[in-house]
Amino acid sequence: MALFEIFDPKAAPRPIGIDLGTTNSLVAYVKNERPIVVLDCDQEALLPSVVSYGETATPIVGRLAVTRATEHPRETIASVKRFMGRGADDPETKRLGTYAFVPRKEGEPNVVRFDVGSKIVTPVEVSAEILRALRRLAEDELESVGGAVITVPAYFDDAQRQATKDAAKLAGLDVLRLLNEPTAAALAYGLDKKQNGTFLVYDLGGGTFDVTVLLLEDGVFQVRATGGDSALGGDDMDRAVAGELLVQANVSPEARERPAVVRAFLTAARAMKHALTGAHEARIENPLGGDLTLTRARFDELCGAIVERTGAVCRRTMKDAGVTADGLDGVILVGGSTRVPLVRAKVTEWLGKEPLADIDPDKVVALGAAVQANLLAGEGNPDDILLLDVIPLSLGIEVGGGVVDKILPRNTTVPASARASYTTQEDKQTGFQIHVVQGERELAKDNRSLAEFTLKGIPPMAAGMARLEITFRVDADGLLHVTAKETVTGKEQTVEVTPSYGLDDDTVERMLLESIDHGEADLAARKLAENKVEASRMLSATRKSLGADTDLLVDGERERIEKAIETLDRARTGADAGKIQLAISDIDAATKEFAGRRMNRAIAQAIAGKAIGDVEASVETALGIDLAHEKGARAISHGDTSSHAPPGGRGPLPRPKDSKE
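Small disclaimer: the values here were computed from a predicted structure and weren't measured.

K.L.:
Go over helix α9 (residues 364–376) with me, naming the residues and quoting the values.
P.N.:
Taking 1.5 Å per residue, 13 residues should reach 18 Å; α9 reaches 19 Å between its end C-alpha atoms and fits that length. For α9, a buried count of 12 out of 13 residues is recorded, marking the element as mostly surrounded by other parts of the structure. Among the residues making up α9, those that are buried are V364, V365, A366, L367, G368, A369, A370, V371, Q372, A373, N374 and L375. Count one or two residues on from α9 and you reach G378, which has phi positive near 90°.

Set out below in structure tokens:
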């Protein structure tokens, strides 16, 4: 901050950009059309993301909290970002257990809670303390702070994003937008360099990893694909090095369980990592006495597997974007962990080009967030930049047979919305059970369950008559909103999908890898499930038709239809989708002429002495079961493209037996 600076007391509050990091956090704003970071009284931009409780009524945040970590490991929370939106039972909550976690009781929300001695706190509350410290730092510089753009990893799911917004609210901040970190970095580089082309943003921080391929073209930042791991970063390197140092120091297994020892060696490991960035061998003080040494070659051995995991994500994301390493115009490094020589060497080797790192990788995300905050607050020219982010994992609902109907596929540009139409699969069904899932597998049970809710009060109608419209809307922050509306009655329900915990550290990787590894088997399982549902619907409709219009049958027709019914009923209990499909075709052929006679009778009855408008309604009602048989029963397999659904419409809703009142 300048020694003398004149503030206008009537000036509007200044928008700010915040990089809420795993290891360090910082805040920036735009001054004279250029983003700059806010410095503290020691002229430091980085605020350690560490909060210590116990000594005073107000928690200690930042470098002073770091100094308390060794002596007060349980009361000092570091790397809290890795716990955001997570469940109490997630593996991440137990790794190198420095903290005292409060066990979850039955009926309580599935969230992480830390016992810090004087109180019980959640990751949201800890993050709020960090954000509050950043807000005060900005207020010291700007006097008055307006809205904030806060960055999050691209692979943060709904729970993790919502947890970040909740923390900001507790800190007294008005969130203008949650911005993906790779996009923020590209925004900073794009404005400074005015470069067009296809870029890969490699963002390896303290606790999260993101890789994004995006197209920069005349002010438009379009994300082509994104990937990553919300639980992979420099902390994992520290843990690997700490394990090596514990062996060197001959620390007993019993001592390794003590939080103070664990914290001391993690701190030593981080110092060793930093020292090896510029040297081929480093020596530090042993927390238990004496010295410890480590070479860069040994460091590379310890951390090689961690870095290789990022390479696999890079290759998969480039494949999703449809680009090769030769097609990239540049690589942008983001995050403090990209300073590690092994990381830079591997990125250069994988992508065949020297990465861009001329903007401080610790600051570039905050600078981009400040630019976006300035634009959203109405400062500058909003036409200068357009951000087009994407959804990292597909969103859909469970339909009949337990299969997933993807409404918004992954890598869809946000904000985005999509609508799909569904129908009932049983007569007199008076409710819909809507199960929202996230992931890439074909069956709902293999994906992440986000939410379930019920739309009730639907009048009993014939199967296939009710029409339910499901609308998915993902806002600019990446949060999902779901609306369900029954078009005949106008019954409607809207929910904001906010699951109680986030993805564990292997879920995102598993979702994508399993969608590839099990792709063929998943498609076969989907086809079998769809055919079984269709078979059940056709059997029900055909049996009802035989009972309702027996007099329309001709000689030998009942026997042919009943034989087809028996064949289909037997086939649907097996595991051969082909046999079921063949039996469906047989029953369709056996009932074709009978169905035609039924339709002629219904039309004749409907038009007797009625106006044309009344006829249309009467025919629809009279043929409700037949329509379900001829059209709705196949909606899952073949798509319902009638006027009741948009092109590519979907089939009946799942589990009707659960959705009845």
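Next, the rest of the story.
K.L.:
How would you explain the sheet that holds strand β20 (residues 403–408) if you had to name every residue and give the values?
P.N.:
Strands sit in the order β20-β19-β23-β24 across an open sheet of four strands; the sheet is antiparallel. What marks the edges here is a single partner per strand, and that holds for β20 and β24 (448–456). Across the sheet, the mean angle from the axis of one strand to that of its neighbour is 30°, orientation sign disregarded. Both strand β23 (residues 431–438) and β24 contribute to a ladder of eight bridges, which runs antiparallel. Bridge pairing in β24 links H435 to E452.

K.L.:
Give a detailed account of the side chain of S545, specifying residues and quantitative values.
P.N.:
Within the element layout of this structure, S545 appears in helix α11 (residues 519–548). For S545, a relative accessible area of 6% translates into the label buried. A polar atom in the side chain of S545 sits 2.9 Å from the backbone oxygen of A541.

K.L.:
Can you break down the nonpolar core residue by residue, with the values?
P.N.:
One finds L200, Y202, M237, V241, L245 and L351 to be the most contacted residues of the largest nonpolar core, which totals 48 residues. Here L200 is in contact with V211, T212, V213, M318, L328, G330, V331, I332 and L351, once residues within four sequence places are set aside. Listed in part, the 43 residues of the second largest apolar core include L20, L131, V145 and A163.

K.L.:
Could you give me a rundown of unusual backbone geometry, with the residues and numbers involved?
P.N.:
Despite not being glycine, Q43 shows a phi value in the positive range, around 60°. Considering the arrangement of structural elements, one finds Q43 in the loop between β3 (34–37) and β4 (47–48). For Q43, a relative accessible area of 49% corresponds to the partly exposed category. With phi around 55°, N250 is a residue other than glycine that occupies positive phi space. Along the chain, N250 falls in the loop between α5 (234–248) and α6 (259–276).

K.L.:
Kindly report on the confidence of the model for the protein, identifying the contributing residues and their values.
P.N.:
Scored by pLDDT, the protein has a mean of 77; 79% of the residues are at 70 or more. Contacts of residues 498–512 to residues separated by more than four positions or lying in other chains number 59 contacts, the stretch itself having pLDDT below 50. Note that pLDDT drops below 50 for residues 622–661; the model gives that stretch 118 contacts with residues more than four away or on any other chain.

K.L.:
Now, about the packing of aromatic side chains: what can you tell me, with residues and values included?
P.N.:
According to the stated counting rule, one finds four aromatic pairs in the structure shown. With 5.6 Å between their ring centres and 40° between their planes, F101 and F114 make a pair best called tilted. Placement of F101 in the loop between β7 (76–78) and β8 (114–115) and of F114 in strand β8 is noted, with a sequence separation of 13 residues between them. Owing to a relative accessible area of 0%, F114 belongs among the buried residues under this scheme.

K.L.:
Now, about helix α8 (residues 341–351): what can you tell me, with residues and values included?
P.N.:
Three- or four-residue spacings in an α-helix give side chains the same orientation, since the helix completes a turn every 3.6 residues. When α8 is considered as a whole, its buried residues turn out to be L342, V343, V347, W350 and L351. An end-on view of α8 places all buried positions within 135° of arc, on one side of the element. Elements that come into contact with the buried residues of α8 comprise β12 (197–204), α5, α7 (296–321) and β17 (330–334). At the exit of α8 stands G352, carrying a positive phi of roughly 70°.

K.L.:
Please set out the sheet that holds strand β5 (residues 50–52) residue by residue, giving values where relevant.
P.N.:
With antiparallel pairing, three strands are arranged side by side in an open sheet as β6-β5-β7. What marks the edges here is a single partner per strand, and that holds for β6 (60–61) and β7. For β5 and β7, the ladder comprises three bridges, and the chain directions are antiparallel. The partner of V51 across the bridge, within β7, is I77. On top of the sheet, helix α2 (residues 123–142) reaches β5, β6 and β7; it is set at about 105° to β5, its chief contact.

K.L.:
Lay out the environment of R224 in plain terms, naming residues and giving numbers.
P.N.:
Its location among the elements puts R224 in strand β14 (residues 220–229). Spatially, the C-alpha atom of R224 lies 5.5 Å from that of V213, the residues being 11 residues apart in sequence. Those residues within four positions of R224 in sequence are excluded, and the remaining contacts are V213, L214, L215, A321 and N411.

K.L.:
Please set out the pattern of salt bridges residue by residue, giving values where relevant.
P.N.:
Inspection of every chain in the model, using the stated rule, returns 23 salt bridges. Among the salt bridges present, the one from E244 reaches R298, with a minimum N-O distance of 3.0 Å. Of this pair, E244 sits in helix α5 while R298 sits in helix α7, and the two are 54 residues apart along the sequence. On the basis of relative accessibility, which here comes to 18%, the residue E244 falls in the buried class. Take R298: its relative accessible area is 30%, and that puts it in the partly exposed class.

Rules behind the numbers
Residues numbered from 1 in each chain as written. Predicted model: local features only at pLDDT ≥ 70, side-chain atom pairs only at ≥ 80, totals over all residues. Heavy atoms only, no water. Helix = DSSP H or I, 4+ residues; strand = E, 2+ residues; numbered from the N terminus. Expected span 1.5 Å × (residues − 1). Buried < 20%, exposed > 50% of the residue type's maximum accessible area, 1.4 Å probe, protein only. Pairing = 2+ DSSP bridges. Axes fitted to C-alpha atoms, helices over the stretch in contact; angles between N-to-C directions. Polar contact = N/O pair within 3.5 Å; in protein donor to acceptor, adjacent residues only side chain to side chain. Core = buried A, V, L, I, M, F, W, Y, C linked by side-chain atoms within 4.5 Å. Contact = heavy atoms within 4.5 Å. pLDDT = per-residue confidence, 0-100. Phe/Tyr/Trp six-rings, centres within 6.5 Å; stacked < 30°, edge-to-face > 60°. Arc of directions from axis to C-beta. Salt bridge = Lys/Arg side-chain N within 4 Å of Asp/Glu carboxyl O.

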